[in-house]
Amino acid sequence: MKNHHKLKWRILVSSLSLIIFTILIFLLVYQTTHKNSADKVSSFHIGLHLENLETDSSEKTNTTETNSSENSETTSDSTTETNVPTEPDTSTTQTIPTSSNQEIQTSENRTEPAPVETQTTNPDILQEPPTPAIPADTPNPTPSNSPQAILERMSLEEKVGQMFIARCPETHAVQSAADYHLGGYILFARDFQNKTKEQVIYDIRCYQAAVSIPMLIGVDEEGGVVNRISKYPQFRSQPFQSPQELFLNGGLGLIQSDTVEKCQLLHELGLNLNFAPVCDVSENPNDFIYRRTFGKNAAETSKYIETVVQSMKQQQIGCVLKHFPGYGNNSDTHTGIAYDNRPYDTFLSSDFLPFQAGINTGADIVMVSHNIVNCMDSQAPASLSLRVHEILRNDLGFSGVIVTDELSMNGVLDYADDISIAIMAIQAGNDLLCCTNFDAQIPAVINAVHQGIISEARINESVLRILQMKQSLGIL
């Protein structure tokens, strides 16, 4: 009986254990199943939420693109688009807006222009940034355009031609400029008399087009007695007044404005050089040169010269100080040799002063007269005197271009012949030869170089000065 009860308890315990185990299994299965269902529901909601976000983002993007397209169309007047390249290209299109409002923040907290949007079908093609433009006032750094580099490329014939500024011939002026490589032409009244402004402009352009190195195109437009252009009404209603008249009517202020007007007229016609101002000191109305001068003492004449030279430089028209070493009361060298017997102290205390004022102000050229100045050189006209040129270079410190007065004037032709004059002028130290018979004188100078009478180094020295001056005037 006792054993029977033990057996019943064992069966009961086993049954209870089985029931508990079954319940535990059931609970475990139930919990696992419920968790998976919850995860599925959660995943469903998360996925649905993400899809909604993507849909919203897509709609916003489409809206933004639409608005951008609409804005682009409505603001086309204020936005410039540049297509690169200019030729039609189906593979690459760049749109570059001019608006500066597009900005991005860099990692260094600097604000920079937004990058250009580029649509490219070929991802291997890199879009290079545009090259910055060189400012207009930046000088050309290319050494091949420097006066020294130009000089080194020139033939002897070209160099010698640069040293001649010739009276413009009445016929074949274009061909002569090309054939002789002329450094310049000086125009006289006959070159303006029966022409319109347009005809003069056309002629000068033809001269310039014929040469490889731009020419000096000069004129004597002093005002008063010597006017080549304004004496004709098609160029100005009245001729330019003399320096004395201008000063009397309006002082140095009127002289300054008159100088500017002269320069503007020359620029309009294509000229770049005026053979002015007259630096000669004369207070005596009986002097040959008086009417062309300022008519006052050296100090006042110096102020006049400073005013004119400064105004001409501002207008970038070349100026010529004349007639070194000072004309004084001498006779007209157009008609014969003139002798100046004044002492050297007179030049130091008077005649040199206006020239020095002009040189200090930056004058481009000094013209040397044909007077024979005994206190400097009693044997040769100043234009052919080495000593006079040494004074100008060393004592007055002039490093610019020296030009002769016209070599066809009797004041020098009575001294020597055409050919000899040209050679002697270069030997004396002139850089430019103002002449008429260039077709005979240029070959003579070239031949003198070949014979060793003139060294090519001497030629190079003058040509370099001429090229440097042309560069400073904006001609090169």
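Look a little higher up for the structure.
Residues numbered from 1 in each chain as written. Predicted model: local features only at pLDDT ≥ 70, side-chain atom pairs only at ≥ 80, totals over all residues. Heavy atoms only, no water.

Draft legend 1. Layout of the nonpolar core. Core analysis: the largest hydrophobic core is formed by 101 residues, its most contacted members being Phe164, Tyr185 and Phe192. Excluding anything up to four places from it in sequence, Phe164 contacts Leu182, Gly183, Gly184, Leu432, Leu433, Cys435, Phe438, Gln441, Ile442 and Val445. (Core = buried A, V, L, I, M, F, W, Y, C linked by side-chain atoms within 4.5 Å. Buried < 20%, exposed > 50% of the residue type's maximum accessible area, 1.4 Å probe, protein only. Contact = heavy atoms within 4.5 Å.)

Draft legend 2. Spatial organisation of the packing of helix H6 (residues 243-269) against helix H7 (residues 298-315). Interhelical geometry of H6 versus H7 gives an angle of 20° and a closest axis separation of 9 Å. As far as their axial angle goes, H7 and H6 are roughly parallel. In the crossing of H6 with H7, the sense of the turn from one axis to the other is right-handed. In this structure, H6 contributes Pro243, Leu252, Ile255, Gln256, Thr259, Val260, Cys263, Gln264 and His267 to the contact, and H7 contributes Lys303, Tyr304, Thr307, Val308, Ser311, Met312 and Gln315. Split into classes, the residues belonging to the contact of H6 with H7 amount to eight nonpolar, seven polar and one charged. (Axes fitted to C-alpha atoms, helices over the stretch in contact; angles between N-to-C directions. Helix = DSSP H or I, 4+ residues; strand = E, 2+ residues; numbered from the N terminus. Parallel < 35°, antiparallel > 145°, perpendicular 65-115°, else oblique. Left-handed = near helix turned anticlockwise from the far one by under 90°. Nonpolar A, V, L, I, M, F, W, Y, C, P; charged D, E, K, R; others polar.)

Draft legend 3. The sheet that holds strand S16 (residues 433-435), seen in detail. Ordered by their spatial adjacency, eight strands build an open sheet running S15-S13-S11-S10-S7-S6-S5-S16, and the pairing between neighbours is parallel. Looking at which strands have only one partner, the edges of the open sheet turn out to be strand S15 (401-404) and S16. Examined bridge by bridge, strand S10 (residues 273-274) and strand S11 (residues 318-324) share two bridges and lie parallel to one another. Within the sheet, the bridge partner assigned to Leu273 lies in S11 and is Gly318. (Pairing = 2+ DSSP bridges.)

Draft legend 4. Summary view of helix H9 (residues 386-395). Of all the positions in H9, only Val388, His389, Ile391, Leu392 and Arg393 are classed as buried. For H9, the elements touching its buried residues are S11, helix H8 (344-361), strand S13 (365-368), S15, helix H11 (418-428) and helix H13 (456-472). If you check the start of H9, you find a side-chain oxygen 3.3 Å away from the backbone N of Arg387, and it comes from Ser385. Of the residues trailing H9, Gly397 is marked for its positive phi of about 70°. (Polar contact = N/O pair within 3.5 Å; in protein donor to acceptor, adjacent residues only side chain to side chain.)

Draft legend 5. The pattern of salt bridges, seen in detail. Taken as a whole and assessed by the stated rule, the structure comprises 16 salt bridges. Notably, a salt bridge pairs Lys322 with Asp220, separated by 2.9 Å at the nearest N-O pair. Of the two residues, Lys322 sits in strand S11 while Asp220 sits in the loop between strand S7 (216-219) and strand S8 (221-223), which places them 102 residues apart along the sequence. One continuous salt-bridge network, built from bridges that share partners, spans Asp220, Glu222, Arg228, Arg292 and Lys322. (Salt bridge = Lys/Arg side-chain N within 4 Å of Asp/Glu carboxyl O.)

Draft legend 6. Summary view of unusual backbone geometry. A cis geometry characterises the amide bond from Ala276 onward to Pro277, with omega recorded as 10°. Within the secondary structure layout, Pro277 lies in the loop between S10 and H7. Note the cis peptide between Phe324 and Pro325, where omega equals 5°. Counting through the fold element by element, Pro325 comes out in the loop between S11 and strand S12 (339-340). One non-glycine residue, His172, lies in positive phi territory at about 55°. Checked against the element boundaries, His172 lands in the loop between strand S5 (164-167) and helix H4 (173-179). Unlike most non-glycine residues, Gln316 shows phi in positive territory, near 60°. With respect to the element layout, Gln316 can be found in the loop between H7 and S11.

Draft legend 7. Quick peek at the packing of H7 against H8. Where H7 contacts H8, the two axes come as close as 8 Å, and the packing angle between them is 25°. Here H7 is positioned roughly parallel relative to H8, judged by the angle of their axes. Seen from above, H7 lies across H8 with right-handed handedness. When H7 is examined against H8, the residues Ala298, Thr301, Ser302, Ile305, Glu306, Val309, Gln310 and Lys313 are found in contact with a partner set consisting of Ser350, Leu353, Pro354, Ala357, Gly358 and Thr361.

Shape is all these values report; function is a separate question.
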